[in-house]
Amino acid sequence: MERHFDTELAALREQILLMGAHTENIVRKSLSAIVNRDPNLAQEVFRDDSTIDQLEVDIEERCVNLLALRQPMAMDLRFLTASLKISNDLERIGDHGVNIAGNAMRLVSQPRLRLPVEIERLGEMAIAMLSEALDAFTHRDGTGARALVRRDDEVDALNRRIFTDLMTSMRDDPESITRLVEWIMVARNLERVADLATNIAEEVVFIAEARIIKHHADDSPRPAAAG
Amino acid sequence: MAFEEPMVAEETLDPRSARQRTPAASQPDAALTPRIEMAAPIPPPPLPEVSTETAVGVTEQPGRKILRTRQFSLFYGDNQALTRVEIDVFERAVTAIIGPSGCGKSTLLRSFNRMNDLIHGVRTEGEILFHEQDLRALSTDVVALRRRIGMVFQRPNPFPKSIFENVVFGLRMLGVTDRAELEARAEQSLKQSGLWREVRDTLKRSALDLSGGQQQRLCIARCLAVEPEVILMDEPTSALDPAASSRIEELLMDLKKRYTIVVVTHNMQQAARISDFTAFMLNGELIEYDATRKIFTNPRVRATEDYITGRFG
């Protein structure tokens, strides 16, 4: 039997995907602002973030209403509680985009340095993870989400390498320390984007499989937390 | 199921597409500035303010006020069952009346089509307006009134007749004799009540052979056949199992596209699920009346909060 509640859940899912699309755009733009030293793109990021903030508020209100009025159970309940967390993760990703745009603004005002390709690569990895986390959410794909969680280690490793390389560069060229610190912060923000994409993937596993896998909770022999 | 449709697609990678989507995203903004109807500033006592948000946070213009009570009181002999109730029932919406046993919710419901007239010693004060006409005026033709304001009861009450004859009973009473018309109206009503596919081949069988849930949908079909404007429902699912109750609930949400529904229910969760507006009654008084979303997430009155959170009642 088709339920009216399904229509409301579908509308919520659409709104989260819309927020996801905005969030992905904001990270992409901020990275592009760094790569192309484009202050206009950075300004766009600041503007776009308010849309994301508003969506987070709307989604939270929608979730609370649905929890109160529809008394969801099982999969529906997991979907709603996970949606609250996912929208919060997306909002924080937006904030990291804003931080990166801030780095871009400060870098633009200083002489150009050749950007390490690793930072761009780190950015592409983070954006790909976010995009795939949203795909997994769309398709309730627990398997895909689990694979994504494992990729977070690669991002962390690359971030550590960038950090080490940039520290070396600072020793070699103290003149450029200010700019190199900005890059370290960019890399740090991109790594956080990947972390939050991982959180989203963990929530997708919770929706699809009723298992909590964050903090390696899934490794313990306890039964699944929710049915 | 909710998750299987393709998402917003790859176009979302394009920054422009997200910007284009922004107007859609901002639609729910309206929810943040609900339309509030201003209460009257001077006596008679102000009407409750009714915010008009639906469950999912979209503000909708409520329909016209089809039924209104003004300072409506009802007495069973010396006992006052309703005290100066003021409520507006909006067209094409589900209005739920909740409250503990004996709070007067069924009495109020039955007042809407003058079912209380049948009870000896009932006296009323104030007005009930249906399309702005006083229901209690002596000239009101009660039979005609009950055709326009139908009722479905707690226990399914099919007549000991065939399924078909049950559905067309009201039409026959109104003098419809044309077989083709009766059949067409029966089919339409059974489709609207979600029963058609289950009974289309057994219309001549006794209605008493149907399950409880089917009998209740048959009673709804019988009510729909005379094309009422308002359907009053008194605990329509309390005698049914959960699956049959869910079917009735889904049915009500379909029917509200065409009909105005007022439902009395003991089941608060049901009121939350199916209604657009909720009235909370206590000791014969209307304590709070507002959009269901408001009542169940942020009621204005402490007594409402205590009741819906299970602190009393």
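Model, not experiment: these values are computed from the prediction.

Undergrad: Honestly, the overall build of chain B in this entry has me stumped. Any pointers?
TA: The helix and strand inventory of chain B stands at 11 helices and 10 strands. The buried share of chain B, reckoned over its 313 residues, is 42%.

Undergrad: It is not clear to me how the overall build of chain A should be interpreted in this structure. Could you clarify?
TA: When helices and strands are tallied, chain A shows six helices and zero strands. Each helix and strand of chain A, ordered N terminal to C terminal, gives the series α-α-α-α-α-α. For a compact globule of 227 residues, the expected C-alpha radius of gyration is about 17 Å, and chain A comes in at 19 Å, within 12% of that figure. Dimensions along the principal axes, computed over C-alpha positions, put chain A at roughly 65 × 40 × 20 Å. In chain A, buried positions account for 46% of the 227 residues. Partitioning the intrachain contacts of chain A with sequence separation of at least 6 by distance along the chain shows that 80% fall at a separation of at least 24.

Undergrad: Explanation requested: unusual backbone geometry in the structure shown.
TA: Where the residue is not glycine, phi is negative for most of them; where a peptide bond is considered, it is trans in most cases. All names here are of chain B. The backbone phi angle of Gln71 is positive, close to 50 degrees, even though this residue is not glycine. Looking at the element boundaries, Gln71 is found in strand β1 (residues 65-76). Unusually for a residue other than glycine, Arg84 sits at a positive phi of about 40 degrees. Looking at the element boundaries, Arg84 is found in strand β2 (residues 79-90).

Undergrad: Quick question: what am I supposed to make of the sheet that holds strand β10 (residues 285-291) of chain B here?
TA: By definition, the strands of a sheet pair up through backbone hydrogen bonds, in either a parallel or an antiparallel sense. Residues and elements named next belong to chain B. The strand order across the open sheet built from six strands is β6-β7-β8-β3-β9-β10, with neighbouring strands paired in mixed fashion. Bordering the open sheet on either side are β6 (149-152) and β10, each of which pairs with just one other strand. Within this sheet the neighbouring strands show an average axis-to-axis angle of 20 degrees, counted without direction. Two strands pair when backbone bridges link them, and strand β3 (residues 94-98) and strand β8 (residues 260-264) are joined in this way by four bridges, in the parallel orientation. Looking at the pairing, Thr95 lines up with Val262 of β8.

Undergrad: What is the right way to read the sheet that holds strand β5 (residues 133-134) of chain B from this model?
TA: On the basis of which strands lie adjacent, the open sheet formed by four strands has the order β2-β1-β4-β5 (chain B) and antiparallel pairing. Of all strands in the sheet, those with a lone pairing partner are β2 and β5 of chain B, marking the two edges.

Undergrad: Quick question: what am I supposed to make of helix α4 (residues 163-173) of chain B here?
TA: Structurally, the α-helix is built with 3.6 residues per turn, so residues lying three or four positions apart point the same way. Considered for burial, the residues of α4 of chain B that qualify are Ile163, Asn166, Val167, Val168, Gly170 and Leu171 of chain B. Where α4 of chain B is buried, its residues contact α3 (142-148), α5 (179-192), α6 (196-199) and α7 (212-225) of chain B.

Undergrad: I keep staring at the pairing of strand β4 (residues 122-130) of chain B and nothing clicks. Help me out?
TA: All names here are of chain B. Bridging between β1 and β4 involves eight bridges; their strand directions are antiparallel. Note that in β4 the partner of Tyr76 across the bridge is Val122. In terms of strand pairing, β4 meets β5 through two bridges, oriented antiparallel. Residue pairing in the sheet places Phe130 in a bridge with Gln133 of β5. Counting the residues in the hairpin turn of β4 and β5 gives two residues, including His131, whose phi is positive at 50 degrees.

Undergrad: Where do I start with the environment of Met1 of chain A in this structure?
TA: Relative to the helices and strands, Met1 of chain A resides in the segment before α1 (4-35). Of the residues examined, Met1 of chain A has 8 C-beta atoms within 10 Å and is grouped as exposed. Non-local contacts of Met1 of chain A, meaning those with residues more than four positions away in its chain, are made with Arg247 and Glu250 of chain B.

Undergrad: Help me out: how do you make sense of the nonpolar core in this one?
TA: Burial of nonpolar side chains together is a common tendency in soluble globular proteins. One finds Ala126, Leu130, Ala133, Ala197, Ala201 and Val204 of chain A to be the most contacted residues of the largest nonpolar core, which totals 134 residues. Among the elements that line this core, the one with the most residues is helix α6 (residues 177-209) of chain A, at 16 residues.

Undergrad: What is the right way to read the confidence of the model for chain B from this model?
TA: For residues with low pLDDT, the predicted coordinates do not support detailed interpretation. All names here are of chain B. For chain B, the average pLDDT comes to 82, and 80% of its residues sit at 70 or higher. Here residues 1-48 scores under 50 on pLDDT; set against residues more than four positions off or in separate chains, the count is 63 contacts. For the stretch residues 53-60, pLDDT sits under 50, and the model shows 34 contacts to residues farther than four places along the chain or on other chains. As scored by the predictor, the complex reaches a pTM of 0.78 and an ipTM of 0.75.

Parameters at a glance
- Each chain has its residues counted from 1, following the order in which its sequence is written.
- Chain letters and ligand numbers both follow the written order, the letters beginning at A and the numbers at 1.
- Predicted model: local features are reported for residues with pLDDT of at least 70 only, side-chain atom pairs are reported and counted for 80 or more only, and whole-chain, interface and lining totals are derived from all residues.
- The helix count covers DSSP runs of H or I at least four residues long, the strand count covers runs of E at least two residues long, and both are numbered beginning at the N terminus.
- We call a residue exposed when 12 or fewer other C-beta atoms sit within 10 Å of its C-beta, buried when the count reaches 20 or more, and partly exposed for counts in between; the C-beta positions come from the backbone.
- We compute the radius of gyration over the C-alpha atoms and compare it with the globule rule, which gives 2.2 Å times the number of residues raised to the power 0.38.
- We call two residues in contact when their backbone-placed C-beta atoms lie within 7 Å.
- Two strands pair under a simple rule: DSSP has to find at least two bridges between them.
- Structural elements are reduced to axes, namely lines fitted to C-alpha atoms, with helices fitted over the stretch in contact, and the angle between N-to-C directions of any two is expressed from 0 to 180 degrees.
- One nonpolar core equals one set of buried Ala, Val, Leu, Ile, Met, Phe, Trp, Tyr and Cys residues connected by C-beta atoms within 7 Å.
- Confidence of the prediction at every residue is given by pLDDT, a number between 0 and 100.

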